[in-house]
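Read off the chains here:
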Amino acid sequence: MTFSVQQIKFDCFSYIKEFGARMEDWTIGMAEDPEQAMFDTLGIDRDRDIWLWKPAMTPVAARTVVDFMVGRYRLDPAPGFGPARAGRCVFMYRRSAHPA
């Protein structure tokens, strides 16, 4: 199942609203394998941290979401998985819940 750009944006905003924090407390990225990116590479704790990932229809659609959230709402791009990265899945996590 894939999601539209608007649905992914809505889900991101819903998470931010539900779990609180400022927009600047969230990190967003894109990857072909978001589970590997978040849990193996970035060290997000699957059980303790607040995170989500959604597959977009194309890498261009994923990039559109990441560019929008970074440019307009000041979310930080994930190290190594920011707007220049290819991949059709968007992932987001709350940094305040994730040790640096």
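Residues numbered from 1 in each chain as written. Predicted model: local features only at pLDDT ≥ 70, side-chain atom pairs only at ≥ 80, totals over all residues. Heavy atoms only, no water.

Visitor: In this structure, what is going on with the pairing of strand β4 (residues 89-94)? I would like to understand it.
Guide: Each regular strand carries side chains that alternate between the two faces of the sheet. Across the 6 residues that make up β4, a large majority, 6, are buried. By the alternation rule, side chains of β4 split into C89, F91 and Y93 and V90, M92 and R94, which are all buried. Strand direction decides the pairing type here: strand β1 (residues 26-31) and β4, joined by 6 bridges, are antiparallel. Across the sheet, I28 pairs through a bridge with M92, a residue of β4. Relative to β4, strand β2 (residues 51-55) runs antiparallel, the two being bridged by 5 bridges. Note that in β4 the partner of L52 across the bridge is M92. (Buried < 20%, exposed > 50% of the residue type's maximum accessible area, 1.4 Å probe, protein only. Helix = DSSP H or I, 4+ residues; strand = E, 2+ residues; numbered from the N terminus. Pairing = 2+ DSSP bridges.)

Visitor: Help me understand the confidence of the model for the chain, please; the structure alone is not making it clear to me.
Guide: Do not read the fine detail of predicted coordinates wherever pLDDT is low. Of the residues in the chain, 92% reach a pLDDT of 70 or more, and the chain-wide mean stands at 91. Mean pLDDT across the elements of the chain ranges from a minimum in strand β3 (residues 76-77), with 92, to a maximum in β2, with 97. (pLDDT = per-residue confidence, 0-100.)

Visitor: What is the right way to look at the side chain of K9 in this model?
Guide: In this fold, K9 is placed in helix α1 (residues 5-19). Although buried, K9 forms no salt bridge, and the nearest oppositely charged side chain, D67, lies 10 Å from it. For K9, the contacting residues outside a window of four places in its chain are V65 and F68. (Lys, Arg positive; Asp, Glu negative; His and termini not counted. Salt bridge = Lys/Arg side-chain N within 4 Å of Asp/Glu carboxyl O. Contact = heavy atoms within 4.5 Å.)

Visitor: How do you make sense of the packing of aromatic side chains when you look at a structure like this?
Guide: Think of a pair of aromatic rings as described by two things: how far the centres are apart, and how the planes are tilted against each other in angle. Counted under the stated rule, the structure contains 5 aromatic pairs. With 5.8 Å between their ring centres and 75° between their planes, F81 and F91 make a pair best called edge-to-face. With F81 in the loop between β3 and β4 and F91 in strand β4, the pair connects residues that are 10 residues apart, well separated along the chain. Residue F91 is classed as buried on the basis of its relative accessible area, which comes to 0%. Among the aromatic residues, those joined into a ring-pair cluster are F13, F68 and Y73. Above the face of the F39 ring, R46 is positioned so that its terminal group lies 3.9 Å from the ring centre. (Phe/Tyr/Trp six-rings, centres within 6.5 Å; stacked < 30°, edge-to-face > 60°. Lys NZ or Arg CZ within 6 Å of the ring centre and 35° of its normal.)

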